[in-house]
Every structure is written in C-alpha cells, then in structure tokens.
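Residues per chain are reported as follows:
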Amino acid sequence: EPEVTQTPSHQVTQMGQEVILRCVPISNHLYFYWYRQILGQKVEFLVSFYNNEISEKSEIFDDQFSVERPDGSNFTLKIRSTKLEDSAMYFCASSPAGTGGYGYTFGSGTRLTVV
Amino acid sequence: AQSVTQLDSQVPVFEEAPVELRCNYSSSVSVYLFWYVQYPNQGLQLLLKYLSGSTLVKGINGFEAEFNKSQTSFHLRKPSVHISDTAEYFCAVRPPGAAGNKLTFGGGTRVLVKP
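Keep in mind that what you see is a predicted model, and the values were worked out from it rather than measured.

Draft legend 1. Representation of the packing of aromatic side chains in the model. Summed over the entire model, instances satisfying the criterion amount to 21 aromatic pairs over all chains. An angle of 35° between the planes, with centres 6.4 Å apart, marks the rings of F34 of chain B and Y36 of chain B as tilted. A single burial state applies to F34 of chain B and to Y36 of chain B, both of which are buried. Clustering of aromatic rings is evident, with ring pairs tying together Y33, Y35, F45, F91, Y104 and F106 of chain A together with F34, Y36, F90 and F105 of chain B. The ring centre of F14 of chain B lies 6.0 Å from the NZ or CZ of K114 of chain B, which sits over that ring.

Written as structure tokens, this is what we have:
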C-alpha cells in the first residue's frame, strides 16, 4: 500500500535554528498538507498546498514557516527560527484530486524538539 | 468553520468488552466525517469515513460508526476490544467539495485496553 514518508523521525534543534522537515507524498496525489500535534493537544492544520502554491494556511503558519515542493517528489516544511513552542509532532499528508471524499494519507510524523 | 468535540479524553476498557467513543461536531455546512487511529509512536491511520448514504459505516479492525445528523454526532463503536486496540482515536470533519479542504480534528480519546 502506498505510503507517505517523513524524515527524520526525530529532530532536536536549538532555539533560533532553522529546520527543514521532509516528506515524500504518494506519487499520484496532488494535494499536500502539514499538520502538527503539540504533546497532549489536538492535531492542528498548518497549511495545504496544491499546484505549487499554498491553497490555505492557518493562523499558526506565520512568516517563520514556509513550504516547498522542490523537485516534484519531496514536500518540505521549513521553520526559519525555531522557538520552544514549535516543539511538536509534525505530520505530512497527501490526498488525490477529486471531490473531497477522501481521507488523507498521513505520514508517521517527525517529532521536533526545540531546546 | 467547523469544530469537533470528543467528550471523553480517556476511556479505560477491559479486553473483550465493548467500547463507544463519542464525537460531536458543529458546522454551518454539511461535512464528511472521519475517524483516525494513532497507535503509540505512529502516524494517523484512517479507520473509517462517512460521506453519504447509509448512516452506519463499517471500518477496519471491527470498528463501526453511526452518523446522526439531528444530533450532529458520529460515535465510534467496537463490540469487543483487543489489547491491540490501545491507541488514541481522533474524530475529524472536512467540508465536501475541493479535495484540498482541511481536516478539523477533535481533541482525541485515549483508549486503554486492560487484560
């Protein structure tokens, strides 16, 4: 069964450093997403991406965040200057084109720890 | 905008007993409804979804859910749980239409199955 692959599984970074979280969505999917889950809290939407541009973003997705699909297979989330409160599990997801009746396929997540 | 409430944050249950996880939602438009499961240290896996038609939906691993439009609920049930069902369960909604519409998650219900 096709999978969404995320790397690394765990990343520790110092406050103020830049991090890039990587995802390989399912190959025939056209919509890509990032969600995050702070420990003990809800899974929260960050951003959706379609046709090489952001289609929707949440209030959380401020100027320190950016997304990119650099080479047609990877989908990355960059956090420019990490803060302690960015510590969370970050999930990538993808879905095929269509009329929206699809549950996404999620990756297994990257646990980001900012120290 | 949509919101999802999972009324129970934790549900302890004995092996082979039934379990019901409650989910209520609020939305100004019709929505698709989903249940996801997150096993320890893993990503989110789709259990089942309701798009339209029969209000009783069957999913993987013996789970089923019933959509009740008048009560805006989508409760998840399993008649007999196994130790392996220990996980966190998330209810989620999204509007129909464009596949890129975001999922809105509830806060999750942690199920602990005891021998």
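Draft legend 2. Summary view of the nonpolar core. One finds W35, L48, F74, L76 and Y89 of chain B to be the most contacted residues of the largest nonpolar core, which totals 28 residues. Of all the elements in the fold, those that place two or more residues in this core are β2 (10-14), β3 (19-21), β5 (32-38), β6 (44-50), β8 (64-68), β9 (73-78), β10 (87-94) and β12 (109-114) of chain B. Ignoring anything within four residues of it in the chain, the contact list for L76 of chain B reads V19, E20, L21, W35, L47, L48, F63, E64, A65 and Y89 of chain B. By size, the runner-up hydrophobic cluster in this structure holds 22 residues, among which are V47, F65, A88 and Y90 of chain A.

Draft legend 3. Representation of the side chain of D85 of chain B. All names here are of chain B. Mapping D85 onto the fold places it in the loop between β9 and β10. Using a relative accessible area of 3% as the deciding quantity, one classes D85 as buried. D85 has contacts with F63, K78, V111 and V113, leaving out every residue within four places of it along the chain.

Draft legend 4. Examining the pairing of strand β9 (residues 88-95) of chain A more closely. Residue and element names in this part refer to chain A. Among the eight residues that make up β9, eight are buried, leaving the element largely enclosed by the rest of the structure. Both faces of β9 are covered, namely the face carrying A88, Y90, C92 and S94 and the face carrying M89, F91, A93 and S95. Pairing analysis gives seven bridges linking strand β4 (residues 31-37) to β9, with the strands arranged antiparallel. Each bridged residue has a counterpart across the sheet, and for F32 the counterpart in β9 is S94. As judged from the three bridges shared by β9 and strand β11 (residues 110-114), these two strands associate in the antiparallel manner. From the neighbouring strand, Y90 faces β11, where its bridge partner is T110. Judged from the two bridges that link them, β9 and strand β10 (residues 105-106) form a sheet pairing that is antiparallel.

Draft legend 5. Layout of the environment of S84 of chain B. All names here are of chain B. Position of S84 among the secondary structure elements: in the loop between β9 and β10. Take S84: its relative accessible area is 53%, and that puts it in the exposed class. As for S84 and Y39, which are separated by 45 residues in sequence, their C-alpha atoms are 8.9 Å apart.

Draft legend 6. Spotlight on the pattern of salt bridges. This structure, assessed with the given rule, holds eight salt bridges over all chains. The partner of E56 of chain A in a salt bridge is K102 of chain B, and the shortest N-O contact between them spans 3.6 Å. Here E56 of chain A, found in strand β6 (residues 53-57), pairs with K102 of chain B, found in the loop between β10 and β11 (104-105), and the two come from separate chains. Exposure remark for E56 of chain A: the relative accessible area of 28% places this residue in the partly exposed category. E64 of chain B is paired through a salt bridge with K58 of chain B; the nearest N and O atoms lie 2.9 Å apart.

Draft legend 7. Spotlight on the sheet that holds strand β7 (residues 65-68) of chain A. Residues and elements named next belong to chain A. Spatially, the four strands line up as an open sheet ordered β1-β3-β8-β7, and their pairing is antiparallel. Looking at the sheet topology across the chains shown, the edges are occupied by β1 (5-7) and β7. The mean inter-strand angle of the sheet, taken between neighbouring strand axes irrespective of direction, is 20°. Pairing of β1 with strand β3 (residues 19-24), which is carried by three bridges, proceeds in the antiparallel orientation. Counted as the bridge partner of T5 is V24 from β3.

Draft legend 8. Local environment of the state of the cysteines. Here the structure, examined in full by the defined rule, presents two disulfides over all chains. Disulfide pairing places C23 of chain A opposite C92 of chain A at an S-S distance of 1.9 Å. For the disulfide bridge between C23 of chain A and C92 of chain A, the dihedral angle about the S-S bond is near -65°, and by the sign convention the bridge is left-handed. Placement of C23 of chain A in strand β3 and of C92 of chain A in strand β9 is noted, with a sequence separation of 69 residues between them. Using a relative accessible area of 0% as the deciding quantity, one classes C92 of chain A as buried. The partner cysteine of C23 of chain B in its disulfide is C91 of chain B, sulfur to sulfur 2.0 Å. Note on the C23 of chain B and C91 of chain B pair: the S-S dihedral is about -65°, so by sign convention the disulfide is left-handed.

Cut-offs and rules
Residues numbered from 1 in each chain as written. Chains lettered and ligands numbered in written order. Predicted model: local features only at pLDDT ≥ 70, side-chain atom pairs only at ≥ 80, totals over all residues. Heavy atoms only, no water. Phe/Tyr/Trp six-rings, centres within 6.5 Å; stacked < 30°, edge-to-face > 60°. Buried < 20%, exposed > 50% of the residue type's maximum accessible area, 1.4 Å probe, protein only. Lys NZ or Arg CZ within 6 Å of the ring centre and 35° of its normal. Core = buried A, V, L, I, M, F, W, Y, C linked by side-chain atoms within 4.5 Å. Helix = DSSP H or I, 4+ residues; strand = E, 2+ residues; numbered from the N terminus. Contact = heavy atoms within 4.5 Å. Pairing = 2+ DSSP bridges. Salt bridge = Lys/Arg side-chain N within 4 Å of Asp/Glu carboxyl O. Axes fitted to C-alpha atoms, helices over the stretch in contact; angles between N-to-C directions. Disulfide = S-S within 2.5 Å.

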